[in-house]
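Structural characterization, general
So the chains spell out like this:
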Amino acid sequence: MQRKGCVMAVGGANLDISACADQPLRAADSAPGRVHTSAGGVARNVAENLARLGHATRLLSAVGDDPQGHSLLAATRMAGVDVSACWVVPGAASASYVSVHDHAGALTVAVNDMQIIEHITPERLAPHARQFQQAAALVVDCNLAEPALAWLLANCDAAPVFVDAVSAFKCRRVLASLSRVHTLKVNRLEAGALSGLPLGSEAEVEAAAGWLHRQGVRNIVLSLGDQGLYFSQAHGACGWQRALPVTVVSTTGAGDALLAGLVHSHLAGAKLSRAARFASGCAALTLTVASANHPGLSVDRVDRWLDSVAA
């Protein structure tokens, strides 16, 4: 039986500035292209995607008392997410993420300024403990400082916890709490940073997943870019989901859509193999837009698109 209640998402909310070149990039040179600005942040993106997939979702994040912060809250609210628990921090700058993509849409380099997330502390989280315990699911990202991550995973054991590793640098913040993770979404670099193992071959990918299972992670979804993903359930099913054919506009937000699809599928009672396919559909659709969230994302749209791919 699935838990009732809303999904709680805790972590980053930031302004995304995405630059996509129209031709191959050259070091130390400029290139013509397009620059797109939108609401972003891992936890915020997942929350928006889940709202579009039909779930009651509440975001806990921190923004500055500046135009960017108020714009982030307004955009997230308009997407159907409850932002009443977000903190507006006077004197602090809202988080921002600047990414540069090549002419094929692939990420080349990115810089994020997430200092404001340091304001999300165990002391600020504690008053929301009951909401976390009663949540249908808890989504956290590793933008959070290690004390906040540790507090969440230690005090919210009643709800299944879905973790986005975020980056090879930040993912190590959750290393000591892996035994409390229900579902971990990582890419090749992040899985390697956590396990210390190489992931060059399929056998090595499977070995890294096995290592993560031995640390206590129940479900692992390991994203491999254009190679698709590997999914694995402790003492259960495992397998490969091929990458779905799509014309890439931007890779920003695709991993967040993937995680939202996994949360949605879990709440719908789907098996992990089915969840991996649906989540891959969410990610593929997001690859086709410049913003971090597909404005037309819905369960029906994902299902219809997956049917068309299979036809």
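So, a few notes on the structure that sits alongside this text.

Criteria and cut-off values
- Here the residue index of a chain counts from 1 through its sequence in written order.
- Only residues with pLDDT of 70 or above have their local features reported here, since the model is predicted, and side-chain atom pairs are shown and tallied only from 80 upward, although totals for entire chains, interfaces and linings are computed over all residues.
- Excluded from the side-chain calculations are hydrogens and water; all other atoms, namely the structure's heavy atoms, are used.
- Comment: elements are numbered from the N terminus, with helices defined as DSSP H or I runs of at least four residues and strands as E runs of at least two.
- We compute the radius of gyration from the C-alpha atoms alone; for a globule the expected value is 2.2 Å times N to the 0.38, where N is the number of residues.
- The buried label goes to any residue with under 20% of its type's maximum accessible area, the exposed label to any with over 50%, and the partly exposed label to all in between, with areas taken from a 1.4 Å probe on protein chains only.
- By definition, residues are in contact when any of their heavy atoms lie within 4.5 Å.
- All accessible areas in this document rest on Shrake-Rupley with a 1.4 Å probe, and a residue is counted as covered only by the protein chains that are shown.
- In summary, the charge assignment counts Lys and Arg as positive and Asp and Glu as negative, without counting His or the chain termini.
- Working definition for charges: the position is that of NZ of Lys, CZ of Arg, CG of Asp or CD of Glu.
- Throughout this description, a polar contact denotes any pair of N or O atoms lying within 3.5 Å of each other; where both atoms belong to protein, one of them has to be capable of donating a hydrogen while the other can accept it, and for residues adjacent in sequence the pair is counted only when both atoms sit in side chains.
- For a helix, the expected span equals 1.5 Å multiplied by the residue count minus one.
- Each pair of strands is called paired provided DSSP finds at least two bridges between the two strands.
- Cavities and pockets are defined on a 1 Å grid built over the protein atoms alone: a cavity is a set of grid points where a 1.4 Å probe fits but cannot escape, while a pocket is an open set with protein on both sides within 12 Å along at least five of seven lines, and lining residues are those with an atom within 4 Å of any such point.
- Grid points are joined across faces, edges and corners, and a volume is the space filled by probe spheres set on the points.
- Under the convention adopted here, Pro, Cys and the residues Ala, Val, Leu, Ile, Met, Phe, Trp and Tyr are nonpolar, Asp, Glu, Lys and Arg are charged, and Gly plus all remaining residues are polar.
- Whenever a helix is involved, its axis is fitted only over the stretch in contact; in every case the axis is a line through C-alpha atoms, and angles between N-to-C directions fall within 0 to 180 degrees.
- We count a salt bridge whenever a side-chain nitrogen from Lys or Arg sits within 4 Å of a carboxyl oxygen from Asp or Glu.

1. Let's talk about the overall build of the chain
Scanning the chain for helices and strands turns up ten helices and 14 strands. Taken against the 2.2 N^0.38 rule, which gives 19 Å for 311 residues, the C-alpha radius of gyration of the chain at 18 Å falls within 12% of a compact globule. The C-alpha extent of the chain, read off along each of the three principal axes, is 50 × 50 × 40 Å. Looking at the chain as a whole, 53% of its 311 residues qualify as buried. Contacts in the chain between residues far apart in sequence, at least 24 positions, make up 65% of those at least 6 positions apart. Summing over all exposed atoms, the chain offers an accessible surface of approximately 13,200 Å²; the carbon and sulfur share of this is 53%. Across the chain, 24 positive and 24 negative side-chain charges occur, with their mean positions spaced 7 Å apart.

2. Quick look at the environment of A150
With respect to the secondary-structure elements, A150 resides in helix 5 (residues 146-155). Residues A150 and A176, spaced 26 residues apart in sequence, show a C-alpha to C-alpha distance of 7.9 Å.

3. Some remarks on the environment of R304
Here R304 is to be found in helix 10 (residues 299-310). Sequence separation of R304 and G281 is 23 residues, and the distance between their C-alpha atoms is 9.8 Å. In terms of polar contacts, R304 uses its side chain to reach the side chain of D300, at 2.7 Å.

4. Considering helix 7 (residues 202-214)
A rise of 1.5 Å per residue sets the reference length of helix 7, with its 13 residues, at 18 Å; its end C-alpha atoms lie 19 Å apart and thus fit the reference within 8%. Those residues of helix 7 lying buried are V205, A208, A209, G210, W211, L212 and H213. Close packing links the buried residues of helix 7 with strand 11 (183-187), helix 6 (188-195), strand 12 (219-223), strand 13 (229-233) and strand 14 (238-241). Trailing helix 7 by a residue or two, G216 shows a phi angle of about 110°, which is positive.

5. Let's talk about the pairing of strand 12
For strand 12, the buried fraction is high: four of the five residues fall into the buried class. Strand direction decides the pairing type here: strand 11 and strand 12, joined by five bridges, are parallel. Looking at the pairing, V186 lines up with L222 of strand 12. As paired elements, strand 12 and strand 13 share five bridges and run antiparallel to each other.

6. Considerations on the layout of surface pockets
Reported here for the second largest pocket is a volume of approximately 250 Å³. Contributing to the lining of the second largest pocket are 14 residues, with N219, Q233, A270, K271 and L272 lying nearest its centre. Looking at the lining of the second largest pocket, the elements with two or more residues in it are helix 8 (254-267) and helix 9 (272-287). Ranked by residue count, the leading element in the lining of the second largest pocket is helix 9, at three residues. Tallied by class, the residues present in the lining of the second largest pocket amount to six nonpolar, six polar and two charged.

7. Observations concerning the sheet that holds strand 14
Spatial ordering of the open sheet is given by 4-1-9-10-11-12-13-14, a layout of eight strands whose pairing is mixed. For this open sheet the edge positions go to strand 4 (57-60) and strand 14, each flanked by a neighbour on one side alone. Direction aside, neighbouring strands of the sheet carry axes that sit 15° apart on average. Here helix 1 (residues 42-52) sits on the sheet and contacts strand 1 (7-10), strand 4, strand 9 (137-141) and strand 10 (161-164); the angle it forms with strand 4, its principal contact strand, is near 170°. Set on the sheet, helix 6 makes contact with strand 11 and strand 12; between it and strand 11 the angle comes to about 110°.

8. Looking at the pattern of salt bridges
Counted according to the given criterion, the structure contains eight salt bridges. Salt-bridge contacts for D22 lead to R34; the nearest nitrogen and oxygen are separated by 3.3 Å. Taken together, the positions of D22 in the loop between strand 2 (14-21) and strand 3 (33-40) and R34 in strand 3 put the pair twelve residues apart, joining distant regions of the chain. Exposure remark for D22: the relative accessible area of 47% places this residue in the partly exposed category. For R34, a relative accessible area of 44% gives the class partly exposed. Of the charged contacts in the structure, one is a salt bridge between E48 and R52, with a shortest N-O distance of 2.9 Å.

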